[in-house]
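Listed below, chain by chain, are the residues.
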Amino acid sequence: MSYYTRKEPSASGQNASTNLDQDLHLSRDAKYKKSEAEVKQWIFTTLNVADDKVQEFEQHNQDLIDILKDGEYLCKLGDLAYPEGPTKKYKNLRMPFVQMENILFFLKTCEYLGVAHDEIFQTIDLFERSDPYQVIITLIAFSRRANEENPKVSVIGPKVVRVKPQVPKKPIGLRS
């Protein structure tokens, strides 16, 4: 007699068409697509990008990653927040190593502004499109820090709550 009454689930009973890594990638991709338009609009309004340039991006169906890949707009954002920072070294060349260097200048600016290390994307996340949602997380965190340095830079995403924690009262027996 078997004491084991529970049956092992079969592959047909589960959704075994994807593994955990694929599920996480799909989840982050969905989050990216959900917030991409808001971040793109924020960049265009913050940098006062001309309407004809915006329409050119839309005609070529360029998403946020395509727009940011050369690092030009990232360095312009960095200059708004920290004018004497590393983004002053920006170069407008189409060679991949120069584009990656521009992205690196922006990431250094994020570090100087105090963006949390776990919110900063890696150059490869943007340049090779390995984690586009991390780019959005960085831009949201950057907008908060940039707003503190330059109030002309608006904040996107959720706002930071600055509520002081309530201090518990001393028990009656310990009060003096």
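All values reported here derive from a predicted model rather than from experimental measurement. (Residues numbered from 1 in each chain as written. Predicted model: local features only at pLDDT ≥ 70, side-chain atom pairs only at ≥ 80, totals over all residues. Heavy atoms only, no water.)

Student: Explain the overall build of the protein here, please?
Tutor: The helix and strand tally for the protein stands at seven helices and zero strands. When its helices and strands are written in sequence order, the protein yields α-α-α-α-α-α-α. By the burial criterion, 36% of the 176 residues in the protein qualify as buried. Residue pairs in contact within the protein that sit at least 24 positions apart in sequence constitute 57% of those at least 6 positions apart. Accessible surface, the protein: about 12200 Å² in total, of which carbon and sulfur atoms supply 52%. (Helix = DSSP H or I, 4+ residues; strand = E, 2+ residues; numbered from the N terminus. Buried < 20%, exposed > 50% of the residue type's maximum accessible area, 1.4 Å probe, protein only. Contact = heavy atoms within 4.5 Å. Areas by Shrake-Rupley, 256 points an atom, 1.4 Å probe, with all protein chains shown as cover.)

Student: Would you mind going over the environment of leucine 64 with me for this structure?
Tutor: With respect to the helices, strands and loops of the structure, leucine 64 is situated in helix H3 (residues 64–68). Taking the relative accessible area as the measure of exposure, leucine 64 reaches 0% and is therefore buried. Once the C-alpha coordinates of leucine 64 and isoleucine 43 are considered, the two residues, 21 residues apart in sequence, prove to be 9.6 Å apart. Non-local contacts of leucine 64, meaning those with residues more than four positions away in its chain, are made with Tyr32, Glu36, Val39, Lys40, Ile43, Ile136 and Leu139.

Student: I'm lost on unusual backbone geometry in this one. Help?
Tutor: Trans peptide bonds make up the majority, and among non-glycine residues the majority have a negative phi. A positive phi angle is found at asparagine 61, which is not glycine, with a value near 55°. Tracing the chain through its elements places asparagine 61 in the loop between helix H2 (51–59) and H3. Its relative accessible area of 67% is what places asparagine 61 among the exposed residues. With a phi angle near 60°, arginine 129 is a residue other than glycine that sits in the positive phi range. Of note, arginine 129 is situated in the loop between helix H6 (123–127) and helix H7 (132–149).

Student: Would you explain H7 in this entry?
Tutor: Structurally, the α-helix is built with 3.6 residues per turn, so residues lying three or four positions apart point the same way. End to end, H7 covers 26 Å across 18 residues, agreeing with the expected 26 Å (1.5 Å per residue, within 8%). Looking at H7, one finds that the buried residues are Pro132, Tyr133, Gln134, Val135, Ile136, Thr138, Leu139, Ile140, Ala141, Phe142, Ser143 and Ala146. (Expected span 1.5 Å × (residues − 1).)

Student: Could you clarify how one ought to interpret the pattern of salt bridges in this entry?
Tutor: Under the defined criterion, the tally for this structure stands at nine salt bridges. The shortest N-O distance in the salt bridge between lysine 33 and aspartate 29 comes to 3.6 Å. Of this pair, lysine 33 and aspartate 29 both sit in helix H1 (residues 20–46), four residues apart, roughly one helical turn. Note on lysine 33: relative accessible area 55%, which makes it exposed. On the basis of relative accessible area, aspartate 29 is assigned to the partly exposed category, the value being 24%. (Salt bridge = Lys/Arg side-chain N within 4 Å of Asp/Glu carboxyl O.)

Student: I keep staring at the packing of helix H5 (residues 96–113) against H7 and nothing clicks. Help me out?
Tutor: Between H5 and H7, whose axes approach to 10 Å, the crossing angle comes to 55°. By the angle between their axes, H5 is oblique relative to H7. Between H5 and H7 lies a crossing whose hand is left-handed. Within the contact between the two elements, H5 uses Phe106, Cys110 and Leu113 and H7 uses Thr138, Leu139, Phe142, Arg145 and Glu149. (Axes fitted to C-alpha atoms, helices over the stretch in contact; angles between N-to-C directions. Parallel < 35°, antiparallel > 145°, perpendicular 65-115°, else oblique. Left-handed = near helix turned anticlockwise from the far one by under 90°.)

Student: Is there a simple way to explain the confidence of the model for the protein in this structure?
Tutor: Reading fine detail from the predicted coordinates is not recommended where pLDDT is low. Mean pLDDT over the protein works out to 87, with 90% of the residues at or above the 70 mark. Low pLDDT, under 50, characterises residues 1–6; the stretch is placed with zero contacts to residues that sit more than four places away or in other chains. (pLDDT = per-residue confidence, 0-100.)

Student: Before we go on, may I ask you to explain H1 in this structure?
Tutor: For H1, which comprises 27 residues, the first-to-last C-alpha distance of 38 Å matches the rise-based estimate of 39 Å (1.5 Å per residue) to within 8%. At serine 35, H1 is bent by approximately 45°, the largest bend along its length. Those residues of H1 lying buried are Tyr32, Ser35, Glu36, Val39, Lys40, Trp42, Ile43, Phe44 and Thr46. If you follow the buried residues of H1, they end up packed against H2, H3, helix H4 (72–81) and H7. Near the N-terminus of H1, the side chain that reaches the backbone nitrogen of aspartate 21, with its oxygen 3.2 Å away, is that of asparagine 19. Asparagine 48, located one to two residues past H1, shows a positive phi value of around 55°. (Bend = angle between axes of the 7 residues up to and from the residue. Polar contact = N/O pair within 3.5 Å; in protein donor to acceptor, adjacent residues only side chain to side chain.)

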